[in-house]
Amino acid sequence: MSNTDFALAIEDLTVSFDGFKAIDKLTLYIDRNELRVIIGPNGAGKTTLLDLICGKTKAGSGSIKFKNIELTKMAEFKRVRLGIGRKFQTPSIYENLSVFQNLEVSYPKGRSVMGSLAFKCTDEVKARVQVVAEDIFLSDRLDLEAGLLSHGQKQWLEIGMLLMQEPELLLLDEPIAGMSARERELTADLLQRICKNRAVIVIEHDMDFVKRIAHKVTVMHQGKILAEGPMDKVQADPKVIDVYLGH
Ligand code: ADP
Ligand code: MG
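Every value quoted in this text rests on a predicted model; they were computed, and no experiment measured them. (Residues numbered from 1 in each chain as written. Chains lettered and ligands numbered in written order. Predicted model: local features only at pLDDT ≥ 70, side-chain atom pairs only at ≥ 80, totals over all residues. Heavy atoms only, no water.)

1. Observations regarding the site of ligand 1
Note the cut-off: A single heavy atom is enough: if one lies within 4 Å of a molecule or strand, its residue is considered near that molecule or strand. Polar contact is the term for a pair of N or O atoms within 3.5 Å; when the atoms are in protein, one must be able to donate a hydrogen and the other to accept it, and sequence-neighboring residues count only if both atoms are side-chain atoms. Counting from the N terminus, the helices are DSSP H or I runs at least four residues long and the strands are E runs at least two residues long.
Every residue near ligand 1 is listed here: Phe-17, Phe-20, Ala-22, Pro-41, Asn-42, Gly-43, Ala-44, Gly-45, Lys-46, Thr-47 and Thr-48. Side-chain polar atom of Thr-47 to an oxygen atom of ligand 1: 2.9 Å apart, as the coordinates give it. The greatest single-element share of the shell around ligand 1, amounting to three residues, is contributed by helix H1 (residues 46-54).

2. Some points on the sheet that holds strand S10 (residues 224-229)
Note the following rule: Strand pairing requires that DSSP identify at least two bridges connecting the strands. Here the axes come from fitting lines to C-alpha atoms, over the contacting stretch only for helices, and the angles between their N-to-C directions go from 0 to 180 degrees. Here a residue-residue contact requires only that any non-hydrogen atoms of the pair lie within 4.5 Å.
Taken together, six strands build an open sheet; the order of strands is S6-S7-S8-S3-S9-S10 and the sheet is mixed. The sheet is open, and its two edges are formed by strand S6 (84-87) and S10, each paired on a single side. Averaged over all adjacent pairs, the angle separating strand axes in this sheet is 15°, with direction ignored. Where strand S3 (residues 35-39) lies against strand S9 (residues 216-221), four bridges are found, and the strand directions are parallel. Note on S9: the bridge partner recorded for Ile-39 is Val-219. Against the sheet, helix H5 (residues 151-163) contacts S6 and strand S7 (169-173), and its axis sits at roughly 165° relative to S6.

3. Describing unusual backbone geometry
Across residues other than glycine, the phi torsion is negative in most instances, and most of the peptide bonds are trans. Selection criterion: Summary of the burial criterion: residues with accessible area below 20% of their type's maximum are buried, those above 50% are exposed, and those between are partly exposed, where the area comes from a 1.4 Å probe applied to protein chains only.
Of note in the backbone geometry, Asn-68 takes a positive phi value of approximately 70° without being a glycine. Note that Asn-68 resides in the loop between strand S4 (61-66) and strand S5 (69-70). At Gln-222, a residue that is not glycine, the phi angle is positive and equals roughly 50°. Mapped onto the secondary structure, Gln-222 falls in the loop between S9 and S10. Judged by relative accessible area, Gln-222 falls into the exposed class, the value being 56%.

4. Structural notes on the environment of Ile-69
Note on placement: Ile-69 falls in strand S5. Residue class for Ile-69 comes out partly exposed when judged on its relative accessible area of 34%. For the pair Ile-69 and Lys-87, spaced 18 residues apart in sequence, the C-alpha to C-alpha distance is 22 Å. In this view, Ile-69 contacts Ile-64, Met-74 and Leu-82; residues no more than four positions away in its chain are not counted.

5. Comments concerning the environment of Glu-145
If you trace the backbone, Glu-145 turns up in the loop between helix H4 (123-135) and H5. Given a relative accessible area of 39%, Glu-145 falls into the partly exposed group. Measuring from C-alpha to C-alpha, the distance between Glu-145 and Asp-18 comes to 43 Å, with 127 residues separating the pair along the chain. Those residues in contact with Glu-145 that lie beyond four places of it in its chain are Glu-95, Asn-96, Leu-97 and Ser-98.

6. Focus: the nonpolar core
Generally speaking, nonpolar side chains in soluble globular proteins are found buried as a group. Selection rule: For our purposes a nonpolar core is just a set of buried Ala, Val, Leu, Ile, Met, Phe, Trp, Tyr and Cys residues, chained together by side-chain atoms within 4.5 Å.
With 49 residues, the main nonpolar core has Leu-103, Ile-136 and Leu-157 as its most contacted residues. The element best represented in this core is H5, accounting for six residues. For Leu-103, the residues in contact, after removing those within four places along its chain, are Val-129, Val-132, Ala-133, Ile-136, Leu-142, Leu-157, Gly-160, Met-161 and Met-164.

7. Concerning the sheet that holds strand S2 (residues 20-30)
In space, the four strands of this open sheet follow the order S2-S1-S4-S5, with antiparallel pairing throughout. Both outer strands of the open sheet, S2 and S5, are each paired with one neighbouring strand and no more. Both S4 and S5 contribute to a ladder of two bridges, which runs antiparallel. Bridged to Phe-66 within S5 is Ile-69. Lying on the sheet, H1 is in contact with strand S1 (8-17), S2 and S4; it crosses S1 at an angle near 115°.

8. Points about H5
Rules: One fewer than the residue count of a helix, multiplied by 1.5 Å, yields its expected span.
Taking 1.5 Å per residue as the helical rise, H5 with its 13 residues ought to reach 18 Å, and the 19 Å between its terminal C-alpha atoms agrees with that figure. Of all 13 residues that make up H5, 12 are buried, and the element is covered over most of its length. Buried residues of H5: Gly-152, Gln-153, Lys-154, Gln-155, Trp-156, Leu-157, Glu-158, Ile-159, Gly-160, Met-161, Leu-162 and Leu-163, and no others. Check the buried side of H5 and you find it contacts S6, helix H3 (99-105), H4, S7 and helix H6 (181-194).

Structure (structure tokens):
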């Protein structure tokens, strides 16, 4: 397989904050249709890595290629247009709008019939909202004010807002934080479904959850990759037990 076949190819990526290397010559490849989980101790650089991929933070050196297009000098909004969706740790939804409206406003405006000038709720948008609402277990909550959802449902709604844009790469930072056991189960199911036609990177701490969803696991430590592979192999790695799982 050549590097151009990957959804995402990161090579020798480095970023420093005041001389401290938060990401240090990191190389990582993600396949199309892959669900990769990144784990590692606090401060390992996991969130910073997602920031670099989505463009929130500018790379110091190295390369990030998405569908073989170099991203490191590209503005954040252009990366969104290319098909990269990012979910941050705390859900950012419009609490005063309904679930339906939250999904509706997330529909890519350039793609709607009216263009970006006058947004109109077309049948096309409505149909897309229905499909996504079903995906995120909220089809019977469309008229509810989003602020009244449970914390877990808010997390789902934010994932749904990203799905409205049909991203080819989805970046999720601790998506099950604050979820009930039942919501975690449903989220595992959701993530397995949505990685069928896109690459998904998930940062997570809950090992039972990681086991359930991960195709491969990458363990980060001090801005570098400490171990990578199937969950059982990574879990048995003495280096990983030493810096992360043992605590
Ligand atoms: P993780 O998500 O693995 O817990 P982070 O990526 O948030 O780790 O942080 C990695 C390191 O980089 C930490 O030491 C953090 O303090 C530092 N860091 C992250 N972002 C910034 C920033 N914008 N400015 C300065 N230091 C930062
Ligand atoms: Mg983090």
